[in-house]
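# Descriptive structure summary
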Amino acid sequence: MRQWQEITTLEEWMKVLKESDHQPVFVMKHSTRCNVSADAWQECQELTQEEAVTDVTLVMVKVVESREVSNRIAEDLQVKHASPQTILIRNQQAVWDTSHWHIKKETLCEVLKENKNG
């Protein structure tokens, strides 16, 4: 079972961004102060039990506690910030994103399957 890795520094973010040149990266931007985000985070955690979650890096950023990282992700990927938000990255570019109530395990799993080979 895959696990989500929390990133808290800009250095960690830059490393993850570079990793996307070799392997897709799923980013979950999570607010620990929001019930909608808590539900979305639960959906993301359930995703790790799916077979489609192979050859992908899973990272989570707490948007309040790591605001600088969260803002940098939005800036680097040119994706308007939302919380909760999931973003799929390939080759240092956002190839898909969604937010709020659209974050469902089934949707995330399908996106991974569709983007398996780039």
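Parameters and conventions
Numbering of residues starts from 1 in every chain and runs along the sequence as written. This being a predicted model, a pLDDT of at least 70 is required before a residue's local features are given, and a value of 80 or more before pairs of side-chain atoms are given or counted; all residues contribute to the totals for chains, interfaces and linings. Only hydrogens and water are removed before side-chain values are computed, so all heavy atoms of the structure are retained for them. Helix numbering and strand numbering both begin at the N terminus, where a helix is a DSSP run of H or I of at least 4 residues and a strand a DSSP run of E of at least 2. Burial classes follow relative accessibility: with a 1.4 Å probe on protein chains only, a residue under 20% of its type's maximum area counts as buried, one over 50% as exposed, and anything between as partly exposed. Contacts are assigned to residue pairs that have any heavy atoms within 4.5 Å of one another. A helix is expected to span 1.5 Å for every residue after the first. To obtain the arc, one takes the directions from the helix axis to the C-beta atoms. Strands qualify as paired when DSSP identifies two bridges or more between them. As a rule, the C-alpha atoms of each element are fitted with a line to give its axis, helices using only the stretch in contact, and angles between N-to-C directions run from 0 to 180 degrees. Any angle that is under 35 degrees is reported as roughly parallel, and any over 145 degrees as roughly antiparallel; angles of 65 to 115 degrees are reported as roughly perpendicular and all others as oblique. Handedness of a crossing follows from how the near helix is turned relative to the far one, being left-handed for an anticlockwise turn of less than a right angle and right-handed for a clockwise one. Note on terminology: a nonpolar core comprises buried Ala, Val, Leu, Ile, Met, Phe, Trp, Tyr and Cys residues joined through side-chain atoms within 4.5 Å.

### Some remarks on the side chain of serine 31
Looking at where serine 31 falls in the secondary structure, it is placed in the loop between strand 2 (25-30) and helix 2 (35-47). Residue class for serine 31 comes out buried when judged on its relative accessible area of 9%. Among residues more than four places away in sequence, those in contact with serine 31 are Ser37, Val63, Val64 and Ser83.

### Focus on the side chain of serine 83
Along the chain, serine 83 turns up in the loop between helix 3 (67-77) and strand 4 (85-90). If near-sequence neighbours (up to four positions away) are discounted, serine 83 is found in contact with Lys29, His30, Ser31, Ser37, Val63 and His100.

### So, helix 2
Because an α-helix completes one turn every 3.6 residues, residues spaced three or four positions apart along the sequence face the same direction. The end-to-end C-alpha separation of helix 2 is 19 Å, in line with the 18 Å expected for 13 residues at 1.5 Å each. Along helix 2, the residues classified as buried are Val36, Ser37, Ala40, Trp41, Glu43, Cys44 and Leu47. For helix 2, the buried positions fall inside an angular range of 160° around the axis, keeping them on one side. Opposite the packed face of helix 2, turned more than 90 degrees from it, sit the exposed residues Asn35 and Asp39. Of the surrounding secondary structure, the elements contacted by the buried residues of helix 2 are strand 2, strand 3 (57-62), strand 4 and helix 4 (105-114).

### Remarks on the pairing of strand 3
Most of strand 3 sits out of view: five of its six residues are buried. Here strand 1 (residues 5-6) runs beside strand 3; their pairing, made up of two bridges, is parallel. In the strand pairing of strand 3, glutamine 5 is matched with valine 59. Summarising the sheet, strand 2 and strand 3 pair through six bridges and their orientation is parallel. For methionine 28, the partnering residue across the bridge sits in strand 3 and is methionine 60.

### Quick notes on the packing of helix 2 against helix 4
With their axes 8 Å apart at the nearest point, helix 2 and helix 4 run at an angle of 50° to one another. In terms of orientation, helix 2 and helix 4 fall into the oblique class. Where helix 2 crosses over helix 4, the two elements pack in a sense that is right-handed. Taken together, the residues of helix 4 that come into contact with helix 2 (itself represented by Glu43, Cys44, Glu46 and Leu47) are Lys105, Glu106, Leu108, Cys109 and Leu112.

### A few points about the nonpolar core
Grouped together as the largest cluster of nonpolar side chains are 17 residues, with contacts concentrated most on Trp4, Phe26, Met28, Cys44, Leu47 and Leu112. Secondary structure elements with two or more residues in this core: strand 2, helix 2, strand 3 and helix 4. Ranked by size, the runner-up nonpolar core spans 14 residues in total, among them Val59, Ile73, Leu77 and Val79.

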